[in-house]
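The lines below spell out each chain.
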Amino acid sequence: MSLALAGIGISRGVAIGRAHIIVRGAIEVQENTLSDQLVEEEVARYLDAIATARMQLRSIRDRIPKETRVDIAAFIDTYLLMLDDATIVKTPVDLIRDRRCNAEWALKLQRDALVDVFEQMNDAYLRTRRDDVDHVINRILRILLANGQSELHIEGALHDTIVLADDLTPAETVLLQHQDVCAFATEYGGPLSHTAILARSVQMPAVVGVHGIQHYLQDGDTIILDGQHGVLIADPDERTLEYYRKRQLQEARRRAELARLVQTPAVTLDQQPVTLMANIELPEDIDAVSRENTRGVGLYRTEFLFMNREEPPDEEEQYHCYAGVVEALNGKPLTIRTLDMGADKQVDGSGVIGLRGGNPALGLRAVRLCLKDLGLFRPQLRAILRASSQGPVRMMIPMLTNTHELQQVLGLIEEAKHSLQRTGLAYDPRIRIGGMIEVPAAALSAKAFASRLDFLSIGTNDLIQYALAIDRVDDEVNYLYDPLHPAVLKLIKMTIDAGSNAGIPVAMCGEMAGDPLYTRLLLGMGLTEFSMHHTALQEVKRVINQSSIAELAPRVEALLQSGEAEQIIAGIDAINNSLH
Ligand code: PEP
Ligand code: MG
């Protein structure tokens with residue numbers, strides 16, 4: 001009898017193959033109190049385990065084939081950096097000394113503390129960085145416990161198998177790909193983990209968060225894995241198999257069609273050019289900007305440079321980092337967003353991101369934090385300005401709420417320009433300054449922002465969260481997260497219109513821009529600049545190239561006028577189904 005299990009689809013595509021279950025064994029940590037004489041010995045044992053973990057990771061990095069498209073070495077380097085971080089090295093050693101606990105226990109205590117901090121983060125992406133912490137800590141724990149290899153034993157006849165595991169590290173995911181594994185599913189993990197990003201980049205279908213995998217499924221079972229809908233089907237009947245084989249063919253055709261689109265410009269049927277840009281945050285995203293033939297970067301999230309470290313990067317380090325990205329983009333424009341950290345995402349002295357305030361999404365975040373902490377903000381402004389001397393750079397300010405904040409930022413930018421001039425450091429005097437419209441109040445007063453800025457970019461992830469009063473990372477209210485809510489559409493439309501009346505470009509860089517379901521709606525609303533994760537680019541372009549703005553505009557206008565949620569949903573369905 002067939003059995004279906006559900007999880008979260010993180011990398012689309014259908015795979016049919018034999019199950020290969022990888023059991024890693026649970027990590028059980030004993031809690032022992034040490035006698036005074038044993039404390040220093042335990043510290044030495046802990047530091048040895050870290051040294052071994054470092055060696056293992058370097059050896060994995062050396063085994064990654066050079067032709068691997070994604071810069072996996074960057075993932076491993078992140079892990080290696082963590083192994084040098086005080087949160088992993090110093091704090092557990094302090095715990096061993098202060099509380100006389102054994103090394104495993106000390107590390108477990110520290111993991112619990114770190115996980116707590118990550119769990120409370122407001123940003124979905126940052127929250128899933130806890131996976132990285134978990135991977136690194138588990139590696140050290142396994143070494144300490146000496147209960148077998150810390151790396152999965154990924155060898156043997158894995159060709160065309162579907163690997164089922166509790167969790168996979170990015171490094172293991174690469175090894176799977178090189179063993180011709182056709183897909184994987186895990187008990188744990190989230191859609192924004194490095195493993196998920198990697199699976200999408202290497203186009204390996206994958207589902208995570210499938211509870212009970214190892215309980216319900218067995219080695220050798222025939223499995224269908226649907227990475228789009230997050231479904232696993234074991235022992236399917238012939239009719240189900242036939243359906244999914246057809247889906248595989250359709251998916252192969254879709255991929256071939258999308259690959260052919262890479263060199264095609266994004267132009268609507270009525271000859272309106274549309275600008276497609278990429279959102280980047282990690283080094284491996286930069287390659288994709290040219291590989292996917294985008295017009296440049298519409299959102300560079302700089303937060304990642306500030307994380308997992310004791311001190312924020314200074315101006316010099318930021319300058320070199322930004323200038324490196326400018327150089328890698330080879331003349332394509334780079335939109336650098338100033339720091340979007342907040343009450344829930346502080347870089348504190350211990351290198352972890354601390355938690356302050358009871359309502360972090362409404363607290364001291366992004367530009368609010370920067371204006372309060374000029375010691376943090378000024379070096380970034382100077383670094384971005386200096387990077388603008390190396391190629392086309394735009395600066396973008398997140399979370400603007402009122403024009404007073406904006407005036408303060410513009411004043412600081414002017415100040416930074418003067419101080420660069422005085423010290424003879426180059427910058428582009430015509431650098432464009434833009435603002436993110438992601439607070440409903442800013443959308444409602446978009447006209448005022450448009451008259452003071454060179455461009456606007458709509459951050460729908462936050463705009464929806466704030467307009468609908470739902471925490472964007474709270475699963476309990478996720479069902480209310482609705483880009484098609486009439487109020488959200490009104491705010492988006494007001495922003496697009498304000499930009500067009502002021503004669504400045506308006507882009508969208510939230511997730512909504514990368515969902516092909518909304519492409520025609522947004523085109524009809526007048527949006528002509530989209531920035532998204534690179535994996536969504538060709539799919540959105542396909543819709544653009546089959547749409548006519550002249551046809552869409554009146555239909556969308558009528559829908560928005562109705563203001564009725566049901567009519568809007570039905571109308572958008574009809575619009576999407578009438579693809580040429
Ligand atoms: C947004 O809010 O839509 C956005 C792009 O910013 P972030 O997701 O980084 O908050
Ligand atoms: Mg945002």
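Cut-off values and rules
Residues numbered from 1 in each chain as written. Chains lettered and ligands numbered in written order. Predicted model: local features only at pLDDT ≥ 70, side-chain atom pairs only at ≥ 80, totals over all residues. Heavy atoms only, no water. Donors = N, O, S within 2.8 Å, 3.2 Å for Na, K, Ca; no water. Helix = DSSP H or I, 4+ residues; strand = E, 2+ residues; numbered from the N terminus. Buried < 20%, exposed > 50% of the residue type's maximum accessible area, 1.4 Å probe, protein only. Near = heavy atom within 4 Å. Polar contact = N/O pair within 3.5 Å; in protein donor to acceptor, adjacent residues only side chain to side chain. Areas by Shrake-Rupley, 256 points an atom, 1.4 Å probe, with all protein chains shown as cover. Nonpolar A, V, L, I, M, F, W, Y, C, P; charged D, E, K, R; others polar. Pairing = 2+ DSSP bridges. Axes fitted to C-alpha atoms, helices over the stretch in contact; angles between N-to-C directions. Contact = heavy atoms within 4.5 Å. Parallel < 35°, antiparallel > 145°, perpendicular 65-115°, else oblique.

### Things to note about the coordination of the magnesium ion (ligand 2)
- The coordination sphere of the magnesium ion (ligand 2) contains the protein donors Glu438 (OE) and Asp462 (OD), at a distance range of 2.0 to 2.1 Å. Of this pair, Glu438 sits in the loop between β15 (432-437) and α16 (440-444) while Asp462 is found in helix α18 (residues 460-468), placing the two residues 24 residues apart along the sequence. Residues Glu438 and Asp462 agree in their burial class; the two are buried.

### Here we look at the site of ligand 1
- Close to ligand 1 lie 14 residues; Arg301, Arg337, Gly459, Asn461 and Arg472 are nearest.
- For ligand 1, an oxygen atom lies 3.4 Å from a polar atom in the backbone of Gly459.
- With respect to ligand 1, the backbone of Asn461 contributes an N or O atom lying 2.8 Å from an oxygen atom.
- Contact with the protein chains covers 99% of the free accessible surface of ligand 1, which is 290 Å².
- When residues of the shell around ligand 1 are traced back to their parent elements, those giving at least two are β10 (297-301) and α18.
- Of the residues forming the shell around ligand 1, the biggest block, 3 residues, is contributed by α18.
- By residue class, the composition of the shell around ligand 1 is 3 nonpolar, 4 polar and 7 charged.

### Things to note about the sheet that holds strand β1 (residues 3-6)
- In space, the 8 strands of this open sheet follow the order β1-β8-β7-β3-β4-β5-β6-β2, with mixed pairing throughout. Both outer strands of the open sheet, β1 and β2 (8-11), are each paired with one neighbouring strand and no more. Between one strand and the next, the sheet's axes are offset by a mean angle of 30°, whatever the strand orientation.
- Bridging between strand β3 (residues 14-22) and strand β7 (residues 222-226) involves 5 bridges; their strand directions are antiparallel. Paired with Val14 across the strands is Asp226, a residue of β7.
- Sheet strands touched by helix α10 (residues 238-261): β3, β7 and β8 (231-234). Its angle to β3, the strand with the most contacts, is close to 110°.

### A closer look at the environment of Gln271
- Relative to the assigned elements, Gln271 resides in the loop between α10 and β9 (275-280).
- Along the chain, Gln271 and Ile575 lie 304 residues apart, while their C-alpha atoms are 19 Å from each other.

### Here we look at the packing of helix α4 (residues 103-119) against helix α6 (residues 130-145)
- Contact geometry for α4 and α6: axes closest at 10 Å, N-to-C directions at 175°. The angle between α4 and α6 places the two elements in the roughly antiparallel class. Facing α4, whose interface residues are Ala103, Glu104, Leu107, Arg111, Leu114, Val115, Phe118 and Glu119, α6 presents Arg130, Val133, Asp134, Ile137, Asn138, Ile140, Leu141, Leu144 and Leu145.
- Grouping the amino acids of the contact of α4 with α6 by side-chain chemistry returns 11 nonpolar, 1 polar and 5 charged.

Note that every value here comes from positions in space, so none of it alone points to a role or purpose.
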